[in-house]
Amino acid sequence: FKVGDGVFGLVSFPAPAGAYAEYVLAPAHQLVKVPADVPCAQLGGAPLAALTAYQALFEVARLKEGERVLIHAGAGGVGHLAVQLAAQAGAQVFATASAANHEFVRSLGAQPIDYRTEDFRAVLGQTMDVVLNSTGQQTFLDSLEVLVPGGRIVTLTSPDPLDVARERGFEAQWLTVHPDRTQMQEIARLMSLGLLKVHVDQVLDFSQAAQAHALVATGRTRGKIVLVP
């Protein structure tokens, strides 16, 4: 890196940062150069969510071209990036989302399922190779019913009953995201090509940090909320 280079990355996670700040001391090996022509707000919203999606799908679940994957909360921060990554990898993607987000999810490359009015188990049957769960224990248990024998489920919520899944012959793992420079470089490459886009729901000033947290807590945001100094 040179003085003045734009960089981004997931810094020291899961060690708590403890603050929002205009300046930060960061390990150089956890940063990559920002891709050209990508808006700053997208760069700020990318590292944690995109790395979580990438690691869940490819590092843990080992998703392959042609496989079928169910992504819960497909319009959310992690979900909307996971849909894009899975579709880009050649998987057949299904995603749960509210009716208001169906066109959005479809535009990202997934077949939407309305979690409010449809039972995804009845819609899909036992056809999924991979499930990415981020919506709690009951969804985790219900998702086991759509996995093919030997299927893989990755969950971002804890504690989920991994033992139940394993006793039924499925691969089950809980993911905590970690910094990875090589993966961030791939994410930056996809962003530079326009193949991965962070949907920014709202951009707020630092003075609106409390409002930003309240919006996220509703569970109804589409994509990411970004704070800008």
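Here we summarise the structure given alongside this text. Once a new chain begins, its residue numbering starts again from 1 and follows that chain's sequence as written. Whole-chain, interface and lining totals are the exception, using all residues; otherwise, since this is a predicted model, local features are given only for residues with pLDDT of at least 70 and side-chain atom pairs are given and counted only at 80 or more. The basis for every side-chain value is the complete set of heavy atoms in the structure, and neither hydrogens nor water enter the calculation.

A few words on the packing of aromatic side chains. Stacked, edge-to-face and tilted are the three classes for Phe, Tyr and Trp ring pairs, Trp counted by its six-membered ring, which pair at centre distances within 6.5 Å; planes under 30 degrees apart are stacked, over 60 edge-to-face, the rest tilted. Counted under the stated rule, the structure contains two aromatic pairs. A centroid spacing of 6.3 Å and a plane angle of 50° characterise the contact between tyrosine 20 and phenylalanine 206, whose relative ring orientation is tilted. Remark: phenylalanine 206 occurs in the loop between β9 (200–205) and α9 (209–217) and tyrosine 20 occurs in the loop between β1 (7–8) and β2 (32–33); sequence separation between them is 186 residues. Taking relative accessible area as the criterion, phenylalanine 206 reaches 27% and is therefore assigned partly exposed. Relative to phenylalanine 58, the ring of tyrosine 54 has its centre 5.0 Å away and its plane inclined at 65°; by these criteria the two rings are edge-to-face. In DSSP terms, a helix is any run of H or I states spanning at least four residues, a strand is any run of E spanning at least two, and both are numbered starting from the N terminus. Here the term buried applies to any residue with accessible area under 20% of the maximum for its type, exposed to any over 50%, and partly exposed to those in between, with areas from a 1.4 Å probe on protein chains only.

This part covers the pattern of salt bridges. Note on definitions: salt bridges are taken to be side-chain nitrogens of Lys or Arg within 4 Å of carboxyl oxygens of Asp or Glu. Counted according to the given criterion, the structure contains ten salt bridges. Aspartate 5 is the salt-bridge partner of lysine 33, the closest N and O atoms lying 3.8 Å from each other. Here aspartate 5 lies in the segment before β1 and lysine 33 lies in strand β2, a separation of 28 residues in the sequence. Exposure remark for aspartate 5: the relative accessible area of 24% places this residue in the partly exposed category. Residue arginine 166 pairs with aspartate 163 through a salt bridge whose shortest N-O separation is 3.9 Å. Of this pair, arginine 166 and aspartate 163 both sit in helix α7 (residues 162–167), separated by three residues, roughly a single helical turn. For arginine 166, a relative accessible area of 44% corresponds to the partly exposed category. Shared partners join several salt bridges into a network, and the residues in it are Asp119, Arg121, Asp142 and Glu145.

Here a strand pair is declared whenever DSSP counts at least two bridges between the two strands. Sheet topology note: the β9/strand β10 (residues 224–228) ladder contains five bridges and is parallel. Its bridge partner being in β10, valine 200 is matched across the sheet by lysine 224. For a crossover, the right-handed case is the one in which the path from the first strand over the helix to the second runs clockwise, viewed with the strands pointing away from the viewer. Remark: the β9/α9/β10 crossover connection has right-handed handedness.

To qualify as a nonpolar core, a set must consist of buried Ala, Val, Leu, Ile, Met, Phe, Trp, Tyr and Cys residues joined through side-chain atoms within 4.5 Å. In this structure, Phe8, Val69, Ile71, Ala86, Val93, Ile187 and Met191 are the most contacted members of the largest nonpolar core, which totals 44 residues. At eight residues, the largest contribution of residues to this core is made by helix α2 (residues 47–60). For isoleucine 187, the residues in contact, after removing those within four places along its chain, are Ala50, Leu51, Tyr54 and Leu196. Listed in part, the 16 residues of the second largest apolar core include Phe120, Met128, Ile153 and Leu162. We call two residues in contact whenever any of their non-hydrogen atoms come within 4.5 Å of each other.

For strand β5 (residues 110–114), the buried fraction is high: four of the five residues fall into the buried class. Both strand β4 (residues 92–97) and β5 contribute to a ladder of five bridges, which runs parallel. Bridge pairing links alanine 95 to proline 112 in β5. In this view, the connection linking β4 to its parallel neighbour β5 by way of helix α4 (residues 102–108) has right-handed handedness.

Next up on the list: the sheet that holds strand β6 (residues 128–133). Spatially, β5-β4-β3-β6-β7-β8 is the arrangement adopted by the six strands of the open sheet, whose pairing is parallel. Of all the strands in the sheet, just β5 and β8 (171–174) have a single pairing partner and so form its edges. Neighbouring strand axes in the sheet, compared pairwise and without regard to direction, differ in orientation by 20° on average. By the bridge criterion, three bridges tie strand β3 (residues 68–71) to β6 in an arrangement that is parallel. If you follow leucine 70 over to β6, its bridge partner there is valine 131. Note on geometry: axes are C-alpha line fits, over the in-contact stretch for helices, and angles between N-to-C directions span 0 to 180 degrees.

This paragraph deals with the environment of glutamine 208. With respect to the secondary-structure elements, glutamine 208 resides in the loop between β9 and α9. For glutamine 208, a relative accessible area of 29% translates into the label partly exposed. For the pair glutamine 208 and leucine 227, spaced 19 residues apart in the sequence, the C-alpha separation amounts to 8.0 Å.

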